[in-house]
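As a plain string of letters, each chain reads:
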Amino acid sequence: MSDTDQILSEAALWHRAGRGVALATVVTTWGSSPRPVGSKLAVDDQGRFIGSVSGGCVEGAVVESALDTIRTGTPKLLDFGVTDEQAWDVGLACGGKVQIFVERLS
Amino acid sequence: MKITLLERRLAEQHAGRTTVLVTDIKTGAQLLLGDGIAEGDLALDNEARAAINRAVIEDKSQTIDGPAGPLFIEVWNPPMRLVVVGAVHIAQTLARMAVETGYAVTIIDPRSAFASEERFPGVTLATDWPDEVLPALKPDKRTAIVTLTHDPKIDDPALQAALKSDAFYIGALGSRRTHAKRAERLATAGFDATAFARIHGPVGLDIGALTPGEIAVSILAEITAVLRRDRIKTKEDKAA
């Protein structure tokens, strides 16, 4: 079973168990990025997560945003990279850029 | 994403079928495409459909410009496959590591004492002869085949079946001398030098591997290197 299978199967189980769940997916990368397009992170309403969208550098910010999406149901597109002002706080150490799509499982 | 869409997707994956999920990354509208499947609330124009077909052929998820904004095309193919001939000691470690690397593993060994559930928990086992099992598995460009028995009675028919397939990687355990003898036998069986050159033998990258675990690493490393050939850069390229 691949990484992505495992994350999505687990996310489906969480949802069936009545937990709020959001999925974050890397949809675009520029330059050197730590995780390829299609990489996933599943987050539940308690902030527990599995998977990875950046190898650790932006996960904290993605989880925060995912919690918001679980509450509101509004999907979001997050940008991370050296040109982003957030880069000072949660930038990618490798100097690449990534776009991450966050959606609620409903 | 709707849970019904996700569960449909997981079921298709489990059945070994490709799916494509197209997402409008502004609105979150989605369309799931697959074998006889078109589920969701996203309309596509012809240009987007053509881009989706290309993405499937390239086996590459990507973001494209759609009619009303960017679309994320996520191609989800069934797992890569590794077929191991020989339920030997190395196969036990190799199977575990290959599963971790994302391969669906099948072990073939007509000696049922070797290919037992106890020795290979959670792995698909086949106890018929490899020349019967392999063609039925239809090895494709996402399949790697490794022979590990050291026994020509089992390895040779497996290699002959492997050479008739599209497998992207074929490897055979055995020393250089064993491999040279193998070449003679395959030539007698009608396989030319080009066919024989497809076989990586001795199997695995030369990393000085000694233990079953290290040998499994060297085999998986070589399979990965062949799979990702076009991504390998030389040190000079990196410096430039």
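Definitions and cut-offs
- Residues numbered from 1 in each chain as written.
- Chains lettered and ligands numbered in written order.
- Predicted model: local features only at pLDDT ≥ 70, side-chain atom pairs only at ≥ 80, totals over all residues.
- Heavy atoms only, no water.
- Helix = DSSP H or I, 4+ residues; strand = E, 2+ residues; numbered from the N terminus.
- Buried < 20%, exposed > 50% of the residue type's maximum accessible area, 1.4 Å probe, protein only.
- Contact = heavy atoms within 4.5 Å.
- Areas by Shrake-Rupley, 256 points an atom, 1.4 Å probe, with all protein chains shown as cover.
- Lys, Arg positive; Asp, Glu negative; His and termini not counted.
- Charge placed at Lys NZ, Arg CZ, Asp CG, Glu CD.
- Axes fitted to C-alpha atoms, helices over the stretch in contact; angles between N-to-C directions.
- Parallel < 35°, antiparallel > 145°, perpendicular 65-115°, else oblique.
- Left-handed = near helix turned anticlockwise from the far one by under 90°.
- Nonpolar A, V, L, I, M, F, W, Y, C, P; charged D, E, K, R; others polar.
- Expected span 1.5 Å × (residues − 1).
- Buried area = accessible area lost by both parts, 1.4 Å probe.
- Salt bridge = Lys/Arg side-chain N within 4 Å of Asp/Glu carboxyl O.
- Polar contact = N/O pair within 3.5 Å; in protein donor to acceptor, adjacent residues only side chain to side chain.
- 1 Å grid on protein atoms, 1.4 Å probe; cavity = no way out; pocket = protein on both sides within 12 Å on 5 of 7 lines; lining within 4 Å.
- Points joined across faces, edges and corners; volume = space filled by probe spheres on them.
- UniProt positions renumbered as here; feature names shortened; annotations may be inferred.
- Arc of directions from axis to C-beta.

To continue, consider the overall build of chain B. On a plain count of helices and strands, chain B comes out with nine helices and eleven strands. Counting across all 240 residues of chain B, residues that qualify as buried make up 47%. Across chain B, every contact between residues at least 6 apart in sequence was considered, and the portion connecting residues at least 24 apart equals 56%. Roughly 12,400 Å² of accessible area belongs to chain B as shown, and the carbon and sulfur atoms make up 53% of that amount. Taking the average location of the 29 positive side-chain charges in chain B and that of its 32 negative ones, the two points are 3 Å from each other.

Turning to the packing of helix α4 (residues 130–137) of chain B against helix α5 (residues 152–163) of chain B, a few remarks are in order. Residue and element names in this part refer to chain B. Two elements in contact, α4 and α5, have axes separated by 8 Å at closest approach and are oriented at 25°. With respect to each other, α4 and α5 are oriented roughly parallel. Crossing angle aside, the handedness with which α4 passes α5 is right-handed. Here Pro130, Asp131, Leu134 and Pro135 of α4 come into contact with α5, specifically with Ile154, Pro157, Ala158, Ala161 and Ala162. Residues of the contact of α4 with α5, tallied by class, amount to eight nonpolar, no polar and one charged.

For helix α8 (residues 212–227) of chain B, built from 16 residues, the straight-helix expectation of 22 Å at 1.5 Å per residue is met to within 8% by its first-to-last C-alpha distance of 22 Å. Where α8 of chain B is concerned, the buried positions are Ile215, Ala216, Ser218, Ile219, Leu220, Glu222, Ile223 and Val226 of chain B.

Our next topic: the interface of chain A and chain B. In this complex, chain A contributes 24 residues to the contact, which on the side of chain B involves 21 residues. With both sides pooled, the region where chain A packs onto chain B buries about 1,700 Å², and carbon together with sulfur makes up 60% of that total. Taken together, the connections running from chain A to chain B amount to two salt bridges. For Glu7 of chain B, the salt bridge goes to Arg16 of chain A, with nearest N and O atoms at 2.5 Å. The interface formed by chain A and chain B contains ten residue pairs in polar contact (both at pLDDT 80 or more).

Let's shift gears to empty space enclosed by the protein. Summed over the entire model, instances satisfying the criterion amount to one cavity of 30 Å³ or more. Each pocket or cavity is described by its volume, and for the largest cavity that value is around 70 Å³. Around the largest cavity sit Leu8, Leu23, Thr25, Lys40, Phe101 and Glu103 of chain A together with Met1, Arg9, Leu21, Thr23, Phe72 and Glu74 of chain B, which together line it. Where the lining of the largest cavity is concerned, the elements lending two or more residues are β1 (21–30) and β5 (97–105) of chain A together with β1 (19–24) and β5 (69–76) of chain B. The residue makeup of the lining of the largest cavity, split by class, is six nonpolar, two polar and four charged.

Attention shifts here to the UniProt feature "domain: XdhC- CoxI" (unreviewed entry) in chain A. Residues annotated in UniProt with the feature "domain: XdhC- CoxI" (unreviewed entry) correspond here to residues 14–81 of chain A. Structurally, residues 14–81 of chain A comprises 25% helix and 35% strand, and the distance from its first C-alpha atom to its last is 31 Å.

What follows deals with α4 of chain B. Residue and element names in this part refer to chain B. Of all the residues in α4, the buried ones are Pro130, Val133 and Leu134. Looking down the long axis of α4, one finds its buried residues gathered within 95° of arc, a one-sided arrangement. Away from its buried face, by an angle of more than 90 degrees, α4 presents the exposed residues Glu132 and Ala136. The inward-facing, buried residues of α4 abut β6 (80–85), β7 (103–108), β8 (124–126), β9 (143–147) and α5. In the segment just after α4, Lys138 is the residue with positive phi, at about 45°.

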